[in-house]
Structures are given as structure tokens and as C-alpha cells.
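Per-entry structural report
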Amino acid sequence: MITSAHQMSTSAGPMFSGALVDRVRHRLAAAGAEVTPGAVAAAVRAESDGVLADLQVLSALRELQQELVGAGPLEPLLADPETTDVLVNAPEEVWVEQRGQLRRTEVRFADPDAVRRLAQRLALAAGRRLDDASPYVDAPLPGGVRLHAVLPPIASGCTCISLRVLRQTTHGLDALQQVGSVSPEAGRLLRAIVTARLAFLVVGGTGSGKTTLLAALLGCVPASERIVCVEEAPELAPEHPHVVRLTTRQPNVEGAGEVTLRNLVRQALRMRPDRLVVGEVRGAEVCELLAALNTGHQGGAGTLHANSPAEVPARLEALAALGGMARHALHSQLAAAVHVVLHMVRRDGARGLAAVGVLERDGDLVRVLPAWQDGHWGPGRHRLHELLEAHGGGVGC
């Protein structure tokens, strides 16, 4: 069914106008019956005055099923295991990212209204509102897809839809070494960091593999330890026997019922975690995380958007300010809470560990010294060696 619908939408193009789709939708809604193929076919014949041949009714039925169910003509793209992002800029501009490469597809929408209808239906599925009064939405969808959509006139010309496929990361560290994302030397260093229960942040840009590396390292945690993961969307799935996962909740259409990362970090502290993990540190929850790591919760971890390890302190300053924490207080907490920064990059579609940095005090502030970068040791090597030896995870560095 997916293949035939995809072929119809990409090669033949839409056969029917958005007006027919609207009339059929309104007829089905008025009837209040289950949206079955038979009901849709009867509605198509009724709204087309019965002038369509059987083959035309079948084609119309396929198009309307795409309109009314799932992600419409984008469904085959999302179903492809290689897809990481699907982007809609206009009815005839649908892009997909697969294996790190962005390319334009042959998928087409009937008109700008069809794109708008899809965006609004997806927003409704996420329990969010998308209309002229609330012209943009950012929310997780059922099934592990993150939706972002912007309506005109905020988006020029046509509704823009961005769908990111959030696939659970289950690759172990050995698998990352086999594909070349982590070198054998770096792999030994990473295992030592986990064994020594050093707190670490995995940093990098969007799509650089931060969550994948974090899940792999959590798989190296001893089975006797309890891991509590806090995330906005359920991506982390480490190969570990004792993992508790807490996920945020967006507010409903009335603006009630929201559960934030900051709320969940506080709850996680009451769940006896041996390792507290925040899937992505992106707001005021950094205050609770640093406080937790300074109260005996060793070996905590998280991911953070940052262009380089050296930029991590400044990035955390900005986030901590959202929680009311002053700059010097942030650096004081950071110096005691986090030991190591792991930097992931994406180059020519390939993702890999580029650098390992170690945090140290520089007067009243904290800086990140490069300890290992692209296979070469840096000035932070001896500081990292001291940390590993002090925590019983020594490695030949």
C-alpha cells in the first residue's frame, strides 16, 4: 500500500483538487462514521456527482487516504530506515536527508493548502494548536518523530514542515569502533572515563551523533548500577539491564499539563539514581543537573549543543542564566560537577569523536583544555590522567 501510494504521488502527481478533498472531509465528518475505504469511496462518488470511473475512484481513494491518515505523501519517506529528516518548503519542494546527504525528492502536494492541512493535522496529533493565532509548533509526534511547522505569512509563501526521525540509539561502543566513529585508542579512553565515574558532557552540532555516543557509553556502565534518563523524546535505549526513562510532556491545546525537563530532573533525584543522565541540556534544567552532580551523584552525563569543547562554559552560562544562576556561581558548580567534554562532529556525512577535553579552574572561571584531538594528545592530557587515577580508572594516557 505504501509503495503504490508513493508511486502515485511521485510519478503521476495529484489528480484531484484540494476542494474535492475538503468536501470529502466535511462529508465524512458530518456522517460521524469510521473512515473506512468504503466510506471514503462513497464520499468521493457523492462529491464528484458520480462521474468518476472505477479507476479514478481508486486513485482518488489513495490520495485521500494519504490526506487523512499518517503523514500523507511523506509517509514512505519517514518509513525509510535511512531517513533522518524530511523537509517541506513548498508543494513541489520536498527534501529528505539520508546517510547525511540532503536531496530533493519527487514527492508533490496538490497545492499550498494541502501542506497546511497536513501540518495542522500533525499538530493536532501532537496535542498542539496550529492556526493564525498560533502560527508555529514544535512538538514530538507519536512514533518517534519531532514536528516543527510554521504557517504563512511567518513562512513566506507556503507552510514549512520539518520532521526529524528520532530513532532509538542502541549501538554499543564496539559497534561504533567497527564503523570508525571511535578509534581503538579513543575507545579505551572512553571506557576508562565511564569506569572512573567521571561526569561528562557530549557536545556537538545537530545530527553529529551525540545521543548515539551517549547511549554507547551508558552501555558500558556496570550492570549493578541504576541509570535514570531524562529526555524530551525517547531516544536513549542503552544496552543496560537497569534503565529508568522519564520523558517530558508538552502542554495541551489549553496550555495545561506541561512537564518540563527541569521538573523531571528534580523527580529523578528522588529515584535513587547511580547515574543521572539528561538526554539534552538545553535550558534552566542545567541548574538542577549541576546541583545533583555536586551532591554525590557521580558519573552523570548529558548532551549539549556546542561548536567546540572550548565553548562549553559560555554555553552553560547562557543556559544557567535562564534558571537565575549567576556567572560565578555557574563556574563554581561546573568546576566541581563536570570533568570531561566529548566533542562529536559530522564530516562528509560521517559522524565521529573528534576531541576529548578536560575542565579545570582558571581563576574564578572554568576552561576546557584539549586532552585528545584527532588521535593526538593535548595539554590537558596530564589533568585527565590525574582525574582517572584519582577515581580508579587509570589508562595509559
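These numbers were taken from a predicted model, which means no experiment stands behind them.

What counts and what doesn't
- Residues numbered from 1 in each chain as written.
- Predicted model: local features only at pLDDT ≥ 70, side-chain atom pairs only at ≥ 80, totals over all residues.
- Heavy atoms only, no water.
- Helix = DSSP H or I, 4+ residues; strand = E, 2+ residues; numbered from the N terminus.
- Buried < 20%, exposed > 50% of the residue type's maximum accessible area, 1.4 Å probe, protein only.
- Contact = heavy atoms within 4.5 Å.
- Pairing = 2+ DSSP bridges.
- Right-handed = clockwise from strand over helix to strand, strands pointing away.
- Core = buried A, V, L, I, M, F, W, Y, C linked by side-chain atoms within 4.5 Å.
- Axes fitted to C-alpha atoms, helices over the stretch in contact; angles between N-to-C directions.
- pLDDT = per-residue confidence, 0-100.
- Arc of directions from axis to C-beta.
- Salt bridge = Lys/Arg side-chain N within 4 Å of Asp/Glu carboxyl O.
- Parallel < 35°, antiparallel > 145°, perpendicular 65-115°, else oblique.
- Left-handed = near helix turned anticlockwise from the far one by under 90°.
- Nonpolar A, V, L, I, M, F, W, Y, C, P; charged D, E, K, R; others polar.

**Side note on the overall build of the protein chain**
- Regarding its fold elements, the protein chain presents 14 helices and 15 strands.
- Among the 397 residues that make up the protein chain, the fraction classed as buried is 48%.
- In the protein chain, the share of contacts with a sequence separation of at least 24, taken over all contacts with a separation of at least 6, comes to 54%.

**Re the pairing of strand β5 (residues 145-150)**
- Across the 6 residues that make up β5, a large majority, 5, are buried.
- Summarising the sheet, strand β4 (residues 136-141) and β5 pair through 6 bridges and their orientation is antiparallel. Note on β5: the bridge partner recorded for D138 is H148.
- Note: β5 against strand β6 (residues 160-165), 6 bridges, orientation antiparallel. When the sheet's bridge partners are listed, R146 is paired in β6 with R164.

**Here's the deal with the environment of V312**
- The residue V312 is located in helix α12 (residues 312-322) in this model.
- Using a relative accessible area of 1% as the deciding quantity, one classes V312 as buried.
- C-alpha of V312 to C-alpha of V203: the two residues are 109 residues apart in sequence and 8.0 Å apart in space.
- Apart from the residues within four sequence positions on either side, V312 is in contact with L201, V203, L304, A306 and V341.

**Side note on the pairing of strand β10 (residues 275-278)**
- Here β10 shows two buried faces, one formed by R275 and V277 and the other by L276 and V278.
- With respect to chirality, the unit in which β10 leads through helix α11 (residues 285-293) into the neighbouring parallel strand β11 (residues 301-305) is right-handed.

**Notes on the nonpolar core**
- Ranked by internal contacts, the top residues of the largest apolar core, which has 37 residues, are L190, I193, F200, L213, L342, L353 and V356.
- Setting aside anything within four residues of it in sequence, one finds L353 in contact with S181, V182, A186, L190, L213, L342, H343, M344 and W372.
- Counting 35 residues, the second largest nonpolar core, distinct from the first, contains A199, V203, L316 and V368.

**A look at the sheet that holds β10**
- Spatially, the 9 strands line up as an open sheet ordered β9-β8-β10-β11-β7-β12-β13-β14-β15, and their pairing is mixed. The outermost strands of the open sheet, each flanked by one partner alone, are β9 (243-247) and β15 (376-377).
- The strands that α12 touches are β7 (200-204), β11, β12 (340-347) and β14 (365-373); relative to β11, the one it contacts most, it runs at about 90°.
- Contacts from helix α14 (residues 381-390) reach β12, β13 (350-362), β14 and β15 within the one sheet, and its direction differs from that of β13 by about 80°.

**Things to note about the confidence of the model for the protein chain**
- Residues of the protein chain with pLDDT of at least 70 account for 84%, and the chain-wide mean is 85.
- Put simply, helix α1 (residues 2-12) is where the protein chain has its lowest mean pLDDT, 36, and β7 is where it has its highest, 97.
- Scored below 50 in pLDDT, residues 1-15 shows 25 contacts in the model against residues more than four places distant or in partner chains.

**Concerning the sheet that holds strand β2 (residues 93-98)**
- The 6 strands lie next to each other as β3-β2-β1-β6-β5-β4, forming an open sheet whose pairing is antiparallel. For this open sheet the edge positions go to β3 (101-104) and β4, each flanked by a neighbour on one side alone. Put simply, the sheet's adjacent strands are angled 15° from each other on average, direction ignored.
- On top of the sheet, helix α6 (residues 112-125) reaches β1 (83-90), β4, β5 and β6; it is set at about 45° to β6, its chief contact.

**A short note on the environment of A139**
- Checked against the element boundaries, A139 lands in strand β4.
- Overall, the relative accessible area of 0% leaves A139 in the buried class.

**Some details on helix α10 (residues 261-268)**
- All of the buried residues along α10 are L261, L264, V265 and A268. Taken around the axis of α10, the buried residues stretch over an arc of 105°, which confines them to a single face.
- Looking at the buried positions of α10, the neighbouring elements they touch are β8 (227-231), β9, β10 and α11.

**So, the pattern of salt bridges**
- All chains considered together, the criterion is met by 19 salt bridges.
- Across the pair R191 and D174 runs a salt bridge, and its minimum N-O distance is 2.5 Å. In this pair, R191 sits in helix α8 (residues 184-195) while D174 sits in helix α7 (residues 173-178), placing the two residues 17 residues apart along the sequence.
- A relative accessible area of 48% means that D174 is categorised as partly exposed.
- One salt bridge connects R383 with E386, and the closest N-O pair in it is separated by 4.0 Å. With R383 and E386 both in helix α14 and 3 residues apart, this pair spans about one turn of that helix.
- Linked by salt bridges that have partners in common, D138, R146, E232 and R282 make up one network.

**Considering the packing of α10 against α11**
- Close contact between α10 and α11 brings their axes to 8 Å; oriented N to C, the two are set at 20°. Of the possible angle classes, the one that applies to α10 and α11 is roughly parallel. Crossing of α10 against α11: the hand is left-handed. Across the interface between the two elements, L261, R262, V265 and R266 of α10 pack against E285, C287, E288 and L289 of α11.
- The residue inventory of the contact of α10 with α11, partitioned by class, reads 4 nonpolar, no polar and 4 charged.

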